[in-house]
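Next come the chains, spelled out residue by residue.
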Amino acid sequence: MTDKINNMTAEKETPEAVEQTNGHETITGAEAILRCLIEEGVDTIFGYPGGAIMPVYDKLLDYEGKIRHILTRHEQGAAHAAQAYAMVTGKPGVCFATSGPGATNLVTGIANAFLDSVPVVFITAQVVSSLIGTDAFQETDILGVSMPVTKWNAQIKKSEDIPGVLAKAFFIASTGRPGPVLIDIAKDAQIEKLDFKYIKCNYLRSYNPHIPLRTRPIESASIMINHAEKPLILAGHGVLISGAEKVLMQFAEKTGIPVAVTLLGLSAFPSGHRLYAGLLGMHGNYAANMLTNEADLIIAIGMRFDDRVTGNLKKYAKKARIIHIEIDEAEINKNVIVDVEINNDAKEVLTHLIPLVKENSFEKWIREFRICDKIEYDKVIKNETKPIKGQLKMGEVVRLISELTNGEAIIVTDVGQNQMSVARYYKFSEPNSLVTSGGMGTMGFGLPASIGAKIGRPDKQVIAFIGDGGFQMTIQELGTILHYHVPVKLIILNNEFLGMVRQWQDMFFSKRYASTKLVNPDFVTIAKGYKISGKKVSDRKNLKDSLAEMLAAEGPYLLDVVIDREANILPMVEPGASVSDVTLTYK
């Protein structure tokens, strides 16, 4: 990530970074932190208090009505909720934690936001500055710990540095390729007073997030597009980050090129569109994976050729010339060597490219996708979404929710088979309507993320699909739902296994199910203990009515759905295989 900024302490700030002007109000550093957040338009903070950050929490009482604080039941939950809030609102999330274990409990969430390019400003407290480096009680070098998984981090030891550093933090987090930043603030800096004045940062001498558009590679790309016979667009999370969904639609419809999406690119292009080519990746659609190796031109937009998308790199897209549109220069030619490099914002590039490309259609090429779709439907999808006997399937639960919500809900997932079923069978119709953990694959993400998503978009139906394993990793966040009456809908896809690990044991370890079988509690009874309505369903004849009842409930609702215990998610590109070596059936 070339947008990753060199980490530094506040004392090394340069005058060019943020203009510093003597203010006219004298306030404490703790109050200055809150005033800075208000200046940045922050209305919600997720966090957990402790000794070192107590001055800030004390001042929060004076800002009720201006800033809402959501007390999660664990710092990891706060981090995931803040990320989800950012993903559905387009604004940076904000998260507080105290020193020591409070700060280190954020690390999984920080790494999650880093790999998925989500802007979150993490503010941690530190012991008083005179004790830093002495191994004081609850002191941890959170700068050193978080450096590999933050875009930038800094430590503040003087109250006067708070406005400038926080302004810089928001600028870095939200520009270029977004990502998390962490600001560590000594306790004495929170107590000391300063003359406060806040000036937003919009320039850093060493950081250039907006790269001027270079037209020559765009013109070269247009020539390649106009002469292609089997072109394929691969759309990633960068399309959503840049707000390029509408121009991607215009580009695809003008050129007639099919569009496949990555996991985090889901919802960047409507699933029901005639040019939708499906999901890429290990458990993606048959057509999208198979025909990647038949394409003569690949236009990769805002994606990084992750190993889950490419499979065996030595066998990847050997017939294709590749155009890569990507804001982060470090991702270009990192995994896949490309023919045309366009290191710019996706929306800007597509807007400039549309007038240069010809109106076209690739009916014969599109027909190949439809043939593959029919094969996949007959061998996999029909049995997963419309079974007539046997235990309930994940796919039929997801597809029913898709139909009942018209693809318009915000869907949150945990990680594992539940995540892949949602990616395959929910028909997304609106941008930024999937919240999931992509690069990190963090079990336990789904429950706290659903809280952050609903708080960020209270106008939307928010539905979380969570495996029984992942649910128990952050089950304490039911307390947050109780506390704030968050009306999320929780669907546990319960197979009494760590499902994805069990699938690999089934396929590659001779069904030796080592430490993957779960003995679960009564989830509905636990939910009722948190005053959350709930129901358990295992019979197909009751499924649709139970889902409708859940959706109609005014408050939060938990539906425990008992599913086929040993079902596998197919198709699958097995580890080390080419994307065209797709396993459709497995016995």
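Note that the coordinates shown come from a computational prediction; the quantities given were computed from them, not determined experimentally.

**Q** It is not clear to me how the pattern of salt bridges should be interpreted in this structure. Could you clarify?
**A** Throughout the structure, instances matching the rule amount to 21 salt bridges. Taking the shortest distance from any N to any O, the salt bridge between Arg540 and Glu396 comes out at 2.8 Å. Within this pair, whereas Arg540 is found in helix α23 (residues 540–552), its partner Glu396 is found in helix α16 (residues 394–405), the two being separated by 144 residues in sequence. Classification of Glu396 as buried rests on a relative accessible area of 5%. Here Lys460 ties to Glu430 by a salt bridge, and the two come within 2.7 Å at their closest N and O atoms.

**Q** Help me understand the sheet that holds strand β2 (residues 44–47) in this model?
**A** In space, the six strands of this open sheet follow the order β3-β2-β4-β5-β7-β6, with parallel pairing throughout. Every interior strand has two partners, whereas the edge strands, β3 (68–71) and β6 (152–156), have only one. Ignoring strand direction, the axes of neighbouring strands in this sheet form an average angle of 20°. Strand contacts of helix α1 (residues 29–39): β2, β4 (93–97), β5 (120–126) and β7 (181–186), with the helix running at about 165° to β4, the strand carrying the most contacts.

**Q** Can you walk me through the packing of aromatic side chains in this structure?
**A** Any aromatic ring pair is given by two values, namely how distant the centres are and how the planes are angled relative to each other. Under the defined criterion, the tally for this structure stands at nine aromatic pairs. Considering the side-chain rings of Tyr57 and Phe96, the 6.0 Å spacing of their centres and the 75° angle between planes classify their relative orientation as edge-to-face. On the criterion of sequence distance, the pair formed by Tyr57 in helix α2 (residues 54–60) and Phe96 in strand β4 is long-range, its members being 39 residues apart. As far as the burial class goes, Tyr57 and Phe96 line up, both buried. With 5.3 Å between their ring centres and 75° between their planes, Trp504 and Phe508 make a pair best called edge-to-face. Remark: Phe508 and Trp504 occur in helix α21 (residues 499–508); sequence separation between them is four residues, near one turn of the helix. The exposure class assigned to Trp504 is partly exposed, which follows from its relative accessible area of 27%. A cation over a ring is seen here: Arg502 above Phe497, with NZ or CZ 5.9 Å from the ring centre.

**Q** Would you mind going over the side chain of Asn494 with me for this structure?
**A** Its place among the elements puts Asn494 in strand β18 (residues 489–494). Here Asp560 takes part through its side chain, which lies 3.1 Å from a polar atom of the side chain of Asn494. Asn494 has contacts with Asp468, Asn520, Phe523, Asp560, Val561, Val562 and Ile563, leaving out every residue within four places of it along the chain.

**Q** I tried to follow the pairing of strand β20 (residues 557–562) on my own but got confused; where do I start?
**A** For a regular strand, the rule is simple: side chains alternate between the two faces of the sheet. Of all six residues that make up β20, five are buried, and the element is covered over most of its length. Strand direction decides the pairing type here: β18 and β20, joined by six bridges, are parallel. Within β20, the position partnered with Leu490 by the bridge is Leu558. Direction of pairing for strand β19 (residues 533–537) relative to β20: parallel, over a ladder of five bridges. Bridge pairing in β20 links Lys535 to Leu559. In this region the chain leaves β19, passes through α23 and returns to the parallel neighbour β20; the handedness of that crossover is right-handed.

**Q** What should I look at first to understand the sheet that holds β19 in this one?
**A** For sheets, the rule is that strands pair by backbone hydrogen bonds, running either parallel or antiparallel. Pairing is parallel in the open sheet, where six strands are placed in the order β16-β15-β17-β18-β20-β19. What marks the edges here is a single partner per strand, and that holds for β16 (434–435) and β19.

**Q** Explain the nonpolar core to me, please; I cannot follow it from the model alone.
**A** Counting residues in each nonpolar core, the largest one holds 106 residues, and the members touching the most others are Ile299, Ile323, Ile401, Phe465, Ile491 and Val561. Setting aside anything within four residues of it in sequence, one finds Phe465 in contact with Val397, Val398, Ile401, Ile411, Val412, Thr413, Asp414, Asn418, Val422, Ile491 and Leu493. One finds Ala81, Val88, Ile142 and Ala527 within the second-largest nonpolar core, a separate group that totals 51 residues.

**Q** I keep staring at unusual backbone geometry and nothing clicks. Help me out?
**A** Glycine aside, residues mostly have negative phi angles, and peptide bonds mostly take the trans form. In this structure, Pro571 follows Leu570 across a cis peptide bond, with omega equal to 0°. In this fold, Pro571 is placed in the loop between β20 and β21 (572–573). Located in the positive-phi region is Asn406, a residue other than glycine, with phi close to 55°. Within the fold, Asn406 resides in the loop between α16 and β15 (410–413). According to the relative accessible area criterion, Asn406 is exposed, its value standing at 54%.

**Q** What am I meant to see in helix α7 (residues 162–174) here?
**A** Each turn of an α-helix holds 3.6 residues, which means side chains three or four residues apart point in the same direction. Taking 1.5 Å of rise per residue, 13 residues should cover 18 Å, and α7 covers 18 Å from first to last C-alpha, within 8% of that figure. Where burial is concerned, most of α7 is hidden: 12 out of the 13 residues are buried. Among the residues making up α7, those that are buried are Ile162, Pro163, Gly164, Val165, Leu166, Ala167, Lys168, Ala169, Phe170, Phe171, Ile172 and Ala173. Following α7 by one or two positions, Gly176 adopts a phi angle in the positive range, close to 60°.

**Q** Would you mind going over the environment of Asp43 with me for this structure?
**A** Looking at the element boundaries, Asp43 is found in the loop between α1 and β2. When its relative accessible area of 33% is taken as the criterion, Asp43 is described as partly exposed. Residues Asp43 and Pro101, 58 residues apart in the sequence, show an inter-C-alpha distance of 26 Å. Sequence-distant contacts of Asp43, that is, excluding residues within four places in its chain, are made with Lys66, Ile67, Arg68, Tyr85 and Lys91. Looking at Asp43, its side chain comes within polar contact range of the side chain of Thr44, at 2.9 Å.

**Q** I would appreciate a short explanation of the environment of Asn520 in the present structure.
**A** Here Asn520 shows up in the loop between α21 and α22 (523–529). Remark: the alpha-carbon pair of Asn520 and Asp468, spanning 52 residues in sequence, is separated by 7.7 Å. Apart from residues lying up to four places away in sequence, Asn520 is in contact with Asp468, Gln472, Asn494 and Glu496. Of the polar contacts made by the side chain of Asn520, one reaches the side chain of Asp468; its length is 2.8 Å. In this structure the side chain of Asn520 is engaged in a polar contact, spanning 2.8 Å, whose partner is the side chain of Gln472.

What counts and what doesn't
- Residues numbered from 1 in each chain as written.
- Predicted model: local features only at pLDDT ≥ 70, side-chain atom pairs only at ≥ 80, totals over all residues.
- Heavy atoms only, no water.
- Salt bridge = Lys/Arg side-chain N within 4 Å of Asp/Glu carboxyl O.
- Helix = DSSP H or I, 4+ residues; strand = E, 2+ residues; numbered from the N terminus.
- Buried < 20%, exposed > 50% of the residue type's maximum accessible area, 1.4 Å probe, protein only.
- Pairing = 2+ DSSP bridges.
- Axes fitted to C-alpha atoms, helices over the stretch in contact; angles between N-to-C directions.
- Contact = heavy atoms within 4.5 Å.
- Phe/Tyr/Trp six-rings, centres within 6.5 Å; stacked < 30°, edge-to-face > 60°.
- Lys NZ or Arg CZ within 6 Å of the ring centre and 35° of its normal.
- Polar contact = N/O pair within 3.5 Å; in protein donor to acceptor, adjacent residues only side chain to side chain.
- Right-handed = clockwise from strand over helix to strand, strands pointing away.
- Core = buried A, V, L, I, M, F, W, Y, C linked by side-chain atoms within 4.5 Å.
- Expected span 1.5 Å × (residues − 1).

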